[in-house]
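Structural characterization, general
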Amino acid sequence: MQPRQQPLPAPGPGGPRPLTPPLALLLLLALRGAGAAPAGSWEPEDSGWVQDAEFPSRLLQQAARAALHFLNFRVGSPSALRVLSSVQEGRAWVNSKKESQVDLVFTTERYHPEEGEEEPLSKCSARVIFKNEKPRPAINVTCTRFMEKSERQQADYLLYKHMKQLKNPLDVGSIPDSYGHIDPSLRPMWDLAFLGSSYVMWEKTTQFLHYYMVQLSGVKQWKTDDNAIDFDYTVLLHEFSTQEIIPCRIHLVWYPGKPLKVKYHCQGLQAPEEASGTEEGSAVAPTELSNF
Ligand SMILES: *[C@@H]1O[C@H](CO)[C@@H](O)[C@H](O)[C@H]1NC(C)=O
């Protein structure tokens, strides 16, 4: 696939555009998140969406965070993780099923800014659909590139080599430690864990709930035939509005440049449509996105 960055299509009307492969893939893959999206419903007006003139600004933040979790997971690169910088603009619609659709533009910055360097922001536009109070919002998102592909590949490869040479079992205790400190040598492990957690956090996000990864523990690494990093760990996710702390056991398989595979099992989540207190899920990011 060609490594060129594609310009952002503006959400909404704009007539048919030829889709280049990376973008076409991105949209297509986002469909998996969209569930049963009615055909041809890109325009809100077509499907009973009514503009919501009085949506809370919180909704835009929430949509941006969901889009970022999704993006981090899909890009699948622990060295290219991003966080929200600011939301620049947005609009919202509601429909008769009380679903909210949000179109927004936001900027992101690197998760770990390099010290003393000026960090370029990357601009993203996204459409996020929250399905009433259900988790796993449907998301389409595109961003400008903020890091050269070769730079990202190299950083991923270094991280991979670092992880491969670690002795097993990994006797690292909790990260951060009880003083809130993350030893720099454990940063790659944290980043890889964050990558897997991004998937879980996207899946758990609703219009009202959002999660932060606050602690990593119980890390185990397994040998694989194909030399991938096969990694088990427990994260504590903090849900912001309820202040709930949810332990999730995550299993991920990662090889630089290959699709990330994630499986997880979280305890104590209040799933409205499920009687049990546990939730599980799994996913494979189907292919690398070459435009990030
Ligand atoms: C994402 O894009 C695809 C293709 O245009 C569309 O069918 C789908 O409904 C979109 N999903 C969202 C959440 O906008």
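Residues numbered from 1 in each chain as written. Predicted model: local features only at pLDDT ≥ 70, side-chain atom pairs only at ≥ 80, totals over all residues. Heavy atoms only, no water.

The subject of this paragraph is the nonpolar core. Formed by 58 residues in total, the largest nonpolar core has its most connected members in Val141, Leu216 and Phe231. Residue contributions to this core peak at 11 residues, all from helix H2 (residues 57–75). Not counting the four nearest positions on each side in its chain, Leu216 is found in contact with Gly173, Ser174, Ile175, Met189, Trp190, Ala193, Tyr233, Thr234 and Val235. (Core = buried A, V, L, I, M, F, W, Y, C linked by side-chain atoms within 4.5 Å. Buried < 20%, exposed > 50% of the residue type's maximum accessible area, 1.4 Å probe, protein only. Helix = DSSP H or I, 4+ residues; strand = E, 2+ residues; numbered from the N terminus. Contact = heavy atoms within 4.5 Å.)

Turning our eyes to something else, we now look at the side chain of Thr107. Structurally, Thr107 is set in strand E3 (residues 100–110). Residue classification places Thr107 among the buried positions, given a relative accessible area of 6%. Residue contacts for Thr107: discarding those within four places in its chain leaves Val83, Leu84, Ser85, Ser86, Gln88, Leu121, Ser122 and Lys123.

With that out of the way, let us pick up the environment of Val172. Along the chain, the position of Val172 falls in the loop between helix H3 (149–164) and helix H4 (187–204). Relative accessible area serves as the criterion here: at 22%, Val172 is assigned to the partly exposed category. Remark: the alpha-carbon pair of Val172 and Gly218, spanning 46 residues in sequence, is separated by 8.0 Å.

Let us now look at the state of the cysteines. The term disulfide refers to a covalent linkage connecting the sulfur atoms of a pair of cysteines. Overall, the coordinates contain two disulfides when judged by the stated rule. Put simply, Cys124 and Cys143 are joined by a disulfide, and their sulfur atoms are 2.1 Å apart. Residues Cys124 and Cys143 are joined through a disulfide that is right-handed, its torsion about the S-S bond being 105 degrees. Of the two residues, Cys124 is situated in strand E4 (residues 122–130) and Cys143 in strand E5 (residues 138–143); the sequence distance between them amounts to 19 residues. The class of Cys143 is buried, set by a relative accessible area of 1%. For Cys248, the disulfide goes to Cys266, at an S-S distance of 2.1 Å. Because the sign of the S-S torsion sets the handedness, a value of about 105 degrees for the bond joining Cys248 and Cys266 places this disulfide among the right-handed ones. In this pair, Cys248 sits in strand E8 (residues 245–254) while Cys266 sits in strand E9 (residues 261–267), placing the two residues 18 residues apart along the sequence. Indicated for the protein chain is the disulfide connectivity 1-2, 3-4, based on numbering the bonded cysteines in sequence order. (Disulfide = S-S within 2.5 Å.)

Further remarks concern the sheet that holds E3. If you trace the five strands from one edge of the open sheet to the other, you get E1-E2-E3-E4-E5, paired in antiparallel fashion. Lying at the two open borders of the sheet, with one neighbouring strand each, are strand E1 (50–51) and E5. Across 11 bridges, the pairing between strand E2 (residues 82–94) and E3 is antiparallel. The residue bridging Leu84 from the neighbouring strand is Thr108, located in E3. (Pairing = 2+ DSSP bridges.)

The subject of this paragraph is the side chain of Asp103. Along the chain, Asp103 turns up in strand E3. Residue Asp103 is classed as buried on the basis of its relative accessible area, which comes to 5%. In this structure the side chain of Asp103 is engaged in a polar contact, spanning 2.7 Å, whose partner is the side chain of Arg127. (Polar contact = N/O pair within 3.5 Å; in protein donor to acceptor, adjacent residues only side chain to side chain.)

What follows concerns the confidence of the model for the protein chain. For the protein chain, per-residue confidence averages 80 on the pLDDT scale, and 74% of positions sit at 70 or higher. Across the protein chain, the secondary-structure element scoring lowest on mean pLDDT is helix H1 (residues 21–34), at 40, and the one scoring highest is E4, at 96. Overall, residues 271–278 carries pLDDT values under 50, and its contacts beyond four positions in sequence, including any with other chains, amount to nine contacts. With pLDDT under 50 throughout, residues 287–292 is counted as low confidence; its partners more than four residues away or in other chains account for 28 contacts. (pLDDT = per-residue confidence, 0-100.)

Running from N to C, H2 and H4 cross one another at 135 degrees; their axes reach a closest spacing of 8 Å. In this view, H2 runs oblique relative to H4, as classed from their interaxial angle. Considering the relative orientation of H2 and H4, their crossing is left-handed. Counted together, Ala66, His69, Phe70, Asn72 and Phe73 of H2 and Phe194, Leu195, Ser198, Tyr199, Met201 and Trp202 of H4 form the full contact between these two elements. For the contact of H2 with H4, the per-class residue count stands at eight nonpolar, three polar and no charged. (Axes fitted to C-alpha atoms, helices over the stretch in contact; angles between N-to-C directions. Parallel < 35°, antiparallel > 145°, perpendicular 65-115°, else oblique. Left-handed = near helix turned anticlockwise from the far one by under 90°. Nonpolar A, V, L, I, M, F, W, Y, C, P; charged D, E, K, R; others polar.)

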